[in-house]
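# Residue-level structural notes
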Amino acid sequence: MGCIQSFRQLCDYPKNTNVHISFPAVCFVWQTAMIILFGIFIRYNEESDPHWVEYKKAKNLSDLDNDFYFRYPSFQDVHVMIFIGFGFLMTFLKRYSFGAVGFNFLIAAFGIQWALLMQGWFHSLDAEGKIRIGVENLINADFCVASCLIAYGAVLGKVSNVQLLVLTLFGVTLFAVDEYIIVSVIHARDAGGSMSIHTFGAYYGLCISWMLYRPNLNQSSRLQGSVYHSDVFAMIGTLFLWMFWPSFNSAISDHGDGQHRAVINTYLALASTVLTCMAISSLFNKHGKLDMVHIQNSTLAGGVAVGTAAEFMLMPYGALIVGFCCGIISTLGYIYLTPFMEKHLKIQDTCGIHNLHAMPGVIGGIVGAITAASASKSVYGEEGLINTFDFEGKFKDVVPTQQGGYQAAGLCVALCFGVGGGILVGCILRLPIWGDPADDNCFNDEAYWELPEDEEVVSPVLHYNNHMQNKDVAESHFTMEQT
Amino acid sequence: MGCIQSFRQLCDYPKNTNVHISFPAVCFVWQTAMIILFGIFIRYNEESDPHWVEYKKAKNLSDLDNDFYFRYPSFQDVHVMIFIGFGFLMTFLKRYSFGAVGFNFLIAAFGIQWALLMQGWFHSLDAEGKIRIGVENLINADFCVASCLIAYGAVLGKVSNVQLLVLTLFGVTLFAVDEYIIVSVIHARDAGGSMSIHTFGAYYGLCISWMLYRPNLNQSSRLQGSVYHSDVFAMIGTLFLWMFWPSFNSAISDHGDGQHRAVINTYLALASTVLTCMAISSLFNKHGKLDMVHIQNSTLAGGVAVGTAAEFMLMPYGALIVGFCCGIISTLGYIYLTPFMEKHLKIQDTCGIHNLHAMPGVIGGIVGAITAASASKSVYGEEGLINTFDFEGKFKDVVPTQQGGYQAAGLCVALCFGVGGGILVGCILRLPIWGDPADDNCFNDEAYWELPEDEEVVSPVLHYNNHMQNKDVAESHFTMEQT
Amino acid sequence: MGCIQSFRQLCDYPKNTNVHISFPAVCFVWQTAMIILFGIFIRYNEESDPHWVEYKKAKNLSDLDNDFYFRYPSFQDVHVMIFIGFGFLMTFLKRYSFGAVGFNFLIAAFGIQWALLMQGWFHSLDAEGKIRIGVENLINADFCVASCLIAYGAVLGKVSNVQLLVLTLFGVTLFAVDEYIIVSVIHARDAGGSMSIHTFGAYYGLCISWMLYRPNLNQSSRLQGSVYHSDVFAMIGTLFLWMFWPSFNSAISDHGDGQHRAVINTYLALASTVLTCMAISSLFNKHGKLDMVHIQNSTLAGGVAVGTAAEFMLMPYGALIVGFCCGIISTLGYIYLTPFMEKHLKIQDTCGIHNLHAMPGVIGGIVGAITAASASKSVYGEEGLINTFDFEGKFKDVVPTQQGGYQAAGLCVALCFGVGGGILVGCILRLPIWGDPADDNCFNDEAYWELPEDEEVVSPVLHYNNHMQNKDVAESHFTMEQT
């Protein structure tokens with residue numbers, strides 16, 4: 001801790017939000033690098049290549065067997081979650097909507113390119129050293145970026161666009177390694193990414209936020225809240241995330257019953273979460289009123305927590321129970337844990353991702369382990385068990401209880417990568433070169449965006465003055481127009 | 001009427017919007033009940049169960065024959081209509097956007113669970129007493145909830161969240177019985193639910209509103225209007241409803257031509273409605289200006305009215321004619337009928353659901369009856385006729401004219417259930433225990449939501465004062481900051 | 001030019017925005033005409049007709065072979081782009097959001113009907129003189145309307161709703177001829193419509209704007225800007241366009257690899273554009289800040305430019321390069337070209353469609369020509385080449401270099417139709433009968449919409465006065481309430 005403190009002092013410097021050179025430079029250099037690496041590595045796979053005509057004849061397939069038709073609708077739903085869902089969810093701050101939706105857009109657009117490469121190197125490299133991509137790669141790239149957007153939630157309003165790009169570069173890299181270990185080495189199943197996306201992403205973001213702790217953040221407290229309309233904007237994000245979460249959890253599940261079951265489980269878990277979230281929100285308010293922060297976030301906890309087990313035989317009532325518990329835990333987290341973490345653990349978590357992603361993600365990992373360990377041939381059928389848990393090849397002798405252990409191991413890996421990666425990247429982001437805002441200028445779009453002159457701020461006064469008879473005030477009006 | 005009046009007087013009581021205990025209690029108890037009932041009754045069907053691998057081999061199917069791939073894209077569109085469409089459509093009030101989108105979310109999330117049970121008991125109960133669910137059940141649950149959300153439109157801003165949950169509990173129950181009688185007993189076809197969803201839901205809501213008549217509602221008239229931004233928010237709801245209505249009407253139609261034709265008919269009816277709605281809105285305004293209330297609502301009337309007949313041979317020009325008429329009738333309804341109903345029939349209809357759902361729903365039922373009665377083998381083909389109207393099993397001898405009669409009977413049933421159910425549930429909701437707002441506090445989020453301190457209301461004054469030279473005003477500024 | 005000038009003087013007249021008679025009349029007459037023409041011409045095709053049951057048996061197909069299941073998800077995405085995407089993209093003006101989203105709705109709803117007829121006459125007329133429609137026709141109708149909505153972007157805020165209907169009537173007509181020549185006569189491929197939709201639509205709109213040049217438009221400059229919330233609304237449009245552009249470019253591509261590849265190329269081009277757009281926006285701002293106008297528009301340029309070549313073997317890195325260049329060019333266009341065009345070429349382009357659609361569209365045409373010309377059997381495979389470029393029937397001897405020429409010819413046709421059509425229609429729209437707003441009343445919803453009394457403008461003052469101790473000001477408050 002002493003060394004961290006001295007490093008922190010080393011990094012204390014007068015803040016300068018000017019990213020005039022660094023931001024364009026990073027964008028151009030990295031985008032150019034992407035083009036070169038794509039030129040070397042990325043090719044179409046057999047389903048998106050014109051040789052498909054011959055391929056399908058040889059294999060006696062029809063066009064409908066192209067994976068495109070199994071996954072494209074889910075892909076588009078996931079795409080909406082990434083860009084509209086996460087983007088608008090974070091617009092709740094009164095003066096950080098541009099940053100929320102705009103920087104979300106920026107880092108997602110960069111992240112999906114880098115993710116295609118990183119995930120490709122680990123999963124899709126063929127004998128010629130090429131990465132063959134199709135619609136499933138696009139979905140996985142969106143998934144990968146989701147973990148960085150979750151991390152963004154913890155540092156929302158306190159970092160520069162350059163820092164966000166760095167966060168994404170490392171986040172995607174770590175995610176790809178993490179996911180490779182969880183899915184391919186350990187052979188844990190993680191359809192909706194409770195572990196690899198949510199747990200990893202959340203702890204990654206929280207540790208970065210811890211490293212970037214700002215003791216004087218209360219200087220920006222005037223901006224750390226919502227206004228009426230910004231809360232409505234945030235509900236757009238909430239609802240698109242909520243509605244399309246079944247697609248998220250089923251997008252890369254097995255064709256047929258796997259996708260079908262993942263949708264049903266997620267749909268039910270989310271429905272149940274809404275009721276308990278609202279109940280707790282009302283119960284712990286002194287007038288029984290609902291709090292928009294809870295509705296915007298905790299209603300989604302069930303979708304996170306059902307991610308790993310979505311394609312397992314969680315059973316409909318099991319999904320409801322998971323949602324029930326997560327709605328309670330997540331909302332209580334907003335009420336008690338977020339203030340506690342800020343005060344005692346020095347973790348400032350703007351969007352409360354600990355309540356929305358970290359805790360439900362860990363719960364999801366545990367639920368997944370339990371559900372897997374308790375799987376049986378009587379419930380899944382012989383072939384169904386093999387199919388669902390992929391007990392094939394070198395894993396053909398795995399039994400469900402073992403699989404439960406694998407799942408638990410996967411959760412630990414996700415936690416380690418999140419915490420370790422977050423501390424490492426947090427150190428890098430403390431360096432005094434990234435153009436982050438001063439403590440009294442956080443949560444403020446003005447630092448990085450040209451803002452429109454706001455009619456609503458000016459006109460009422462003009463309107464008011466139009467009716468003024470008072471000479472003194474009329475004079476002050478004159479003064480105003482000069483400014 | 002006398003007894004109703006005395007009941008009304010019995011229910012007159014000082015209003016208290018405190019739902020501190022009742023709301024969380026209802027949420028917890030009902031959600032727990034859902035878990036228990038799901039545990040007893042709900043299971044995956046053969047397409048979402050891991051035994052699908054064996055099932056498809058036995059039946060020589062491919063994964064694509066799983067109903068999931070036929071219906072999931074439509075399901076997601078319907079889901080968006082329910083949560084974004086209905087939710088944002090009702091955000092038009094200046095200070096009831098939280099209630100609109102938040103309570104819509106609440107009752108839909110509860111309603112879909114209860115609907116899976118209620119509809120399951122009537123339609124999907126198997127020999128073992130289990131309800132087997134798949135994607136079609138999810139769509140039907142969304143449909144069922146739609147009728148309650150329609151009813152919410154009539155009482156928007158005038159009821160508490162507890163009342164809405166009660167409205168939904170009974171609404172879903174009534175819907176399931178109503179739909180069972182219409183579809184299974186009478187054998188009427190109702191793909192897009194003109195009768196079972198729109199007619200039922202609208203009259204259910206209108207009768208509740210009639211029972212809850214507030215003679216002094218004008219005390220809240222300052223809040224019963226829109227502001228510029230809230231009208232734009234409402235257009236998000238309108239457009240998502242409008243765009244995805246073809247999915248709504250085709251979601252549970254027959255595979256193949258049924259879904260295809262339902263989409264075309266709905267697409268055309270809606271396009272036609274937009275033009276006549278705007279024409280009437282302009283024509284009946286004294287300056288030829290358009291009214292946002294009409295654009296937000298009446299442009300959707302064609303989708304409602306084409307619901308029953310969407311999968312029939314309505315013909316493209318027939319769909320245009322239906323849309324043409326409904327655009328006119330619905331807009332005229334907003335101009336003349338809504339004020340008339342409020343003044344003379346004591347029905348206060350906040351969103352004008354009588355114009356958007358009730359009248360077009362009845363028209364839809366009639367159009368369906370006529371189209372069915374005039375069906376012929378020359379138009380549909382022999383197999384097409386059987387297929388479209390499901391003239392199989394014990395209905396194999398039905399002829400189109402008979403079917404027309406069945407359709408008309410279905411409409412009557414929907415009307416009876418709507419009116420009867422609405423009066424009954426309205427009586428219950430008048431009891432002085434539900435925490436509804438006082439007459440001068442309607443359409444106000446403040447009653448049930450923690451509201452953000454609104455910068456827009458405060459800052460202009462601060463801004464103004466920054467430029468003030470006048471000492472007196474500076475003093476008053478000081479006074480303000482104290483408050 | 002002299003004759004144009006004198007025509008312009010002829011058309012100078014005192015403006016009157018009253019469209020009390022003309023607008024409803026146009027709507028009713030045109031909609032009635034649609035019904036009649038649909039009655040004469042439009043029928044269901046074999047996939048949406050009840051005879052499908054017999055048809056599929058005869059051809060040994062399954063329901064899944066119905067084109068509906070290949071194209072409906074893409075159709076719905078395109079539909080969202082047309083109504084939400086274009087509609088909300090244009091809501092950025094502070095007081096023209098109703099017009100943006102409402103008139104977009106109006107002309108799209110009219111345009112799709114007229115497009116079904118116009119495109120049907122050219123492409124789908126059968127031996128009996130009937131147009132047989134299915135889901136692909138609906139997509140093409142949406143595409144056709146897109147070109148008119150692009151044109152609307154150039155004249156946003158400066159024309160009446162009647163003028164927009166005229167613009168759409170002619171725009172759809174010209175589009176259908178233009179597309180017929182490009183696709184059917186010349187045999188150019190244009191999956192995503194870089195040429196037929198974007199180039200045509202943009203030059204059509206720009207030339208209309210040139211013909212309607214308003215030298216005194218600066219009288220409305222107070223309204224020609226955004227406010228904070230209107231910029232957030234516009235991002236809804238931007239993001240839905242951005243996310244669903246892969247569906248746009250793949251919606252009518254070949255089943256199988258064609259659709260799959262078009263999605264990948266578009267996804268990548270768009271991702272790349274975001275980074276270079278933001279880089280240029282920051283680099284050319286004196287404080288390194290980002291400009292919302294660029295983010296809202298130029299991030300989409302890559303999708304336009306990859307339209308024609310989307311289904312070709314552009315290669316993933318090729319798509320990135322196209323996006324890279326377009327992000328730069330489009331953003332620079334906003335910075336330098338739009339002001340230049342307004343000052344020196346007398347083209348007032350409200351939304352900057354020259355930067356978003358015209359230049360990227362032309363680039364797209366050129367990229368398409370080069371990619372087609374360099375196609376080879378080694379890359380596409382023998383059958384793949386035939387399949388991708390449709391070298392069948394009378395075009396079976398075409399070689400790729402020839403095809404490159406066809407593509408270039410197609411681009412020229414689109415340019416000619418756009419410029420020629422725009423000048424012609426611009427002349428018509430200058431006639432002093434259409435009810436367009438005066439120069440000091442542009443970008444103002446008040447001209448055509450009933451506006452809500454805006455609480456935000458009034459309440460702060462009341463709020464302020466509540467705290468006032470100053471007698472003089474209290475008196476002025478009293479004065480205010482009287483007004």
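To keep things clear, this report deals only with the structure shown in the data block. In this text, all values refer to a predicted model and were calculated from it rather than measured experimentally.

### Re the overall build of chain A
Each helix and strand in chain A was counted, giving 19 helices and four strands. Taking 2.2 N^0.38 as the reference for a compact globule, 483 residues should give roughly 23 Å; the C-alpha atoms of chain A span a radius of gyration of 24 Å, in line with that estimate. C-alpha atoms of chain A, sized along the principal axes, occupy 90 × 55 × 50 Å. For chain A, buried positions account for 69% of its 483 residues. About 14500 Å² of surface is accessible on chain A, with carbon and sulfur atoms providing 61% of the total. Positive and negative charge centroids in chain A, built from 25 and 41 side chains respectively, lie 6 Å apart.

### A look at the side chain of S160 of chain C
All names here are of chain C. One can find S160 in the loop between α6 (135-155) and α7 (161-185). Separated by 2.6 Å, the side chain of S160 and the backbone oxygen of W434 make a polar contact. Ignoring any residue separated from it by four or fewer positions in sequence, one finds S160 in contact with V19, W434, G435, D436, P437 and Y448.

### Regarding the relation of the copies chain B and chain A
Superposing chain B onto chain A takes a rotation of 120° plus a shift of 0.0 Å along the axis, which leaves an RMSD of 0.0 Å. Accordingly, the operation relating the two chain copies is best matched by a three-fold axis. Closest to the rotation axis within chain B is the C-alpha of P73 of chain B, separated from it by 3.6 Å.

### A short note on the relation of the copies chain B and chain C
You can overlay chain B on chain C at an RMSD of 0.0 Å; the transform is a turn of 120° with a shift of 0.0 Å along its axis. A share of only 13% of the interface residues of chain B reappears at the interface of chain C, consistent with the copies meeting through non-equivalent patches.

### Examining the packing of helix α6 (residues 135-155) of chain A against helix α7 (residues 161-185) of chain A
Residues and elements named next belong to chain A. Put simply, α6 and α7 touch, their axes get as near as 9 Å, and they point 130° apart. Between α6 and α7, the crossing angle belongs to the class labelled oblique. Taken as a pair, α6 and α7 cross one another with a handedness that is right-handed. Note on element contacts: α7 touches α6 through L164, L167, T168, G171, V172, F175 and E179, opposite N140, F143, C144, S147, C148, A151, Y152 and V155. Class assignment for the residues of the contact of α6 with α7 results in 10 nonpolar, four polar and one charged.

### Description of empty space enclosed by the protein
Applying the stated criterion across every chain yields a total of 13 cavities of 30 Å³ or more. Of the voids in this model, the largest cavity is the one considered here, and its volume is about 260 Å³. Together, 22 residues line the largest cavity, and Y69 and P73 of chain A, Y69 and P73 of chain B together with P73 of chain C are the ones closest to its centre. Of all the elements in the fold, those that place two or more residues in the lining of the largest cavity are α4 (67-89) of chain A, α4 (67-89) of chain B together with α4 (67-89) of chain C. In terms of residue class, the lining of the largest cavity is built from 18 nonpolar, four polar and no charged. Of the voids in this model, the second largest cavity is the one considered here, and its volume is about 210 Å³. Lining the second largest cavity we find 18 residues, and of these D77 of chain A, D77 and F244 of chain B together with D77 and F244 of chain C sit closest to its centre. Elements that contribute at least two residues to the lining of the second largest cavity include exactly α4 and α9 (228-250) of chain A, α4 and α9 (228-250) of chain B together with α4 and α9 (228-250) of chain C. In terms of residues, the lining of the second largest cavity owes the most to one element, α4 of chain A, which gives five residues. Grouping the constituent residues of the lining of the second largest cavity by class yields 12 nonpolar, three polar and three charged.

### Comments concerning the packing of helix α10 (residues 257-283) of chain B against helix α5 (residues 97-124) of chain C
Between α10 of chain B and α5 of chain C, the least distance of the axes is 9 Å, while the angle of their chain directions is 130°. The angle between α10 of chain B and α5 of chain C falls in the class oblique. You can see that α10 of chain B and α5 of chain C cross each other, and the crossing is left-handed. For the pair α10 of chain B and α5 of chain C, contact is made by Y267, L268, A271, S272, V274, L275 and M278 of chain B and by G102, F105, L106, A109, F110, I112, Q113 and L116 of chain C, respectively. In terms of residue class, the contact of α10 of chain B with α5 of chain C is built from 12 nonpolar, three polar and no charged.

### Observations regarding the interface of chain B and chain C
One frequently used descriptor of interface size is the decrease in accessible area upon assembly of the parts. The interface is formed by 87 residues belonging to chain B together with 86 residues belonging to chain C. Three residues, Y228, Y267 and L275 of chain B, lead the burial of chain B against chain C; their summed loss comes to 12% of the area buried on that side. For the pair chain B and chain C, the interface holds one salt bridge. Here E383 of chain B and K57 of chain C are joined by a salt bridge, their closest N and O atoms 2.5 Å apart. The tally of links from chain B across to chain C stands at 28 residue pairs in polar contact (both at pLDDT 80 or more). The greatest single-element share of the side of chain B that touches chain C, amounting to 19 residues, is contributed by α10 of chain B. Tallied by class, the residues present in the side of chain B that touches chain C amount to 47 nonpolar, 26 polar and 14 charged. Strand direction decides the pairing type here: strand β3 (residues 290-291) of chain B and strand β4 (residues 449-450) of chain C, joined by two bridges, are parallel. When the sheet's bridge partners are listed, L290 of chain B is paired in β4 of chain C with W449 of chain C.

### Examining α10 of chain B
With 27 residues, α10 of chain B extends 39 Å between its outermost C-alpha atoms, agreeing within 8% with the 39 Å of an ideal straight helix rising 1.5 Å per residue. Burial of α10 of chain B is extensive: 26 of the 27 residues sit out of reach of the surface.

### Side note on the interface of chain B and chain A
Listed as interface residues are 86 residues of chain B and, on the opposing side, 88 residues of chain A. Buried surface at the junction of chain B and chain A, summed over both partners, amounts to about 7600 Å²; 73% is from carbon and sulfur atoms. Linking chain B to chain A there are one salt bridge. At 12 residues, the largest contribution of residues to the side of chain B that touches chain A is made by helix α5 (residues 97-124) of chain B.

### With respect to a nonpolar patch on the surface
Taken together, the side chains of I21 of chain A together with L283, F284 and Y336 of chain C make up a nonpolar region of the molecular surface, amounting to roughly 410 Å² of accessible area. Topologically, Y336 of chain C is positioned in helix α13 (residues 316-344). Assessed through its relative accessible area of 49%, Y336 of chain C is described here as partly exposed.

Thresholds, definitions, all that
Residues numbered from 1 in each chain as written. Chains lettered and ligands numbered in written order. Predicted model: local features only at pLDDT ≥ 70, side-chain atom pairs only at ≥ 80, totals over all residues. Heavy atoms only, no water. Helix = DSSP H or I, 4+ residues; strand = E, 2+ residues; numbered from the N terminus. Rg over C-alpha atoms; globule rule 2.2 N^0.38 Å. Buried < 20%, exposed > 50% of the residue type's maximum accessible area, 1.4 Å probe, protein only. Areas by Shrake-Rupley, 256 points an atom, 1.4 Å probe, with all protein chains shown as cover. Lys, Arg positive; Asp, Glu negative; His and termini not counted. Charge placed at Lys NZ, Arg CZ, Asp CG, Glu CD. Polar contact = N/O pair within 3.5 Å; in protein donor to acceptor, adjacent residues only side chain to side chain. Contact = heavy atoms within 4.5 Å. Least-squares fit on C-alpha atoms with pLDDT ≥ 70 in both. Axes fitted to C-alpha atoms, helices over the stretch in contact; angles between N-to-C directions. Parallel < 35°, antiparallel > 145°, perpendicular 65-115°, else oblique. Left-handed = near helix turned anticlockwise from the far one by under 90°. Nonpolar A, V, L, I, M, F, W, Y, C, P; charged D, E, K, R; others polar. 1 Å grid on protein atoms, 1.4 Å probe; cavity = no way out; pocket = protein on both sides within 12 Å on 5 of 7 lines; lining within 4 Å. Points joined across faces, edges and corners; volume = space filled by probe spheres on them. Buried area = accessible area lost by both parts, 1.4 Å probe. Salt bridge = Lys/Arg side-chain N within 4 Å of Asp/Glu carboxyl O. Pairing = 2+ DSSP bridges. Expected span 1.5 Å × (residues − 1). Patch = residues over 30% accessible without salt bridge, like charges linked within 9 Å, V, L, I, M, F, W, Y side chains within 5 Å.

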